[in-house]
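The residues making up each chain are set out below.
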Amino acid sequence: YIGFYLGIPVFILYFREVFPEDSPKKPIIFIVISSLILLVPVLIFPPRIFTHTVQIMEIIALFTIILGLYILGRAIYYGREGARSFFAGSILLIL
């Protein structure tokens, strides 16, 4: 669970680092804060309690994937270096 809850914000922060001019700031902040808030019960409570947060995190993960594809689409459109290969690798990772 910890890997999933931390992997999502790290994934989108990496996109922001690689393509900062194509990454909208507010959705990324939302993803990072939401993920960290949902991580707290995983660290504190037993599984019978924190497993209820997985569905919310899955929605955030889906939003993150869509946002990542949007960032890559903008990067490709504006001809950013490495955007096409990054897109191909991301599609393989998502599948």
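Residues numbered from 1 in each chain as written. Predicted model: local features only at pLDDT ≥ 70, side-chain atom pairs only at ≥ 80, totals over all residues. Heavy atoms only, no water.

S.K.: What exactly am I supposed to notice about the pattern of salt bridges here?
M.R.: For side chains of opposite charge, pairing can occur when their charged atoms come near one another. This structure, assessed with the given rule, holds three salt bridges. Between Arg80 and Glu21 there is a salt bridge, and its shortest N-O distance comes to 3.2 Å. You can see Arg80 sitting in the loop between helix H4 (54-77) and helix H5 (83-94) and its partner Glu21 sitting in the loop between helix H1 (2-18) and helix H2 (25-44), a full 59 residues away along the chain. The partly exposed category is assigned to Arg80, whose relative accessible area is 27%. With a closest N to O distance of 3.8 Å, Asp22 and Arg74 form a salt bridge. Taken together, the positions of Asp22 in the loop between H1 and H2 and Arg74 in helix H4 put the pair 52 residues apart, joining distant regions of the chain. Connected through salt bridges with shared partners, the residues Glu21, Asp22, Arg74 and Arg80 form a single ionic network. (Salt bridge = Lys/Arg side-chain N within 4 Å of Asp/Glu carboxyl O. Helix = DSSP H or I, 4+ residues; strand = E, 2+ residues; numbered from the N terminus. Buried < 20%, exposed > 50% of the residue type's maximum accessible area, 1.4 Å probe, protein only.)

S.K.: Would you mind going over the environment of Val18 with me for this structure?
M.R.: Here Val18 lies in helix H1. In this structure, the C-alpha to C-alpha distance between Val18 and Arg80, residues 62 residues apart in sequence, is 9.8 Å.

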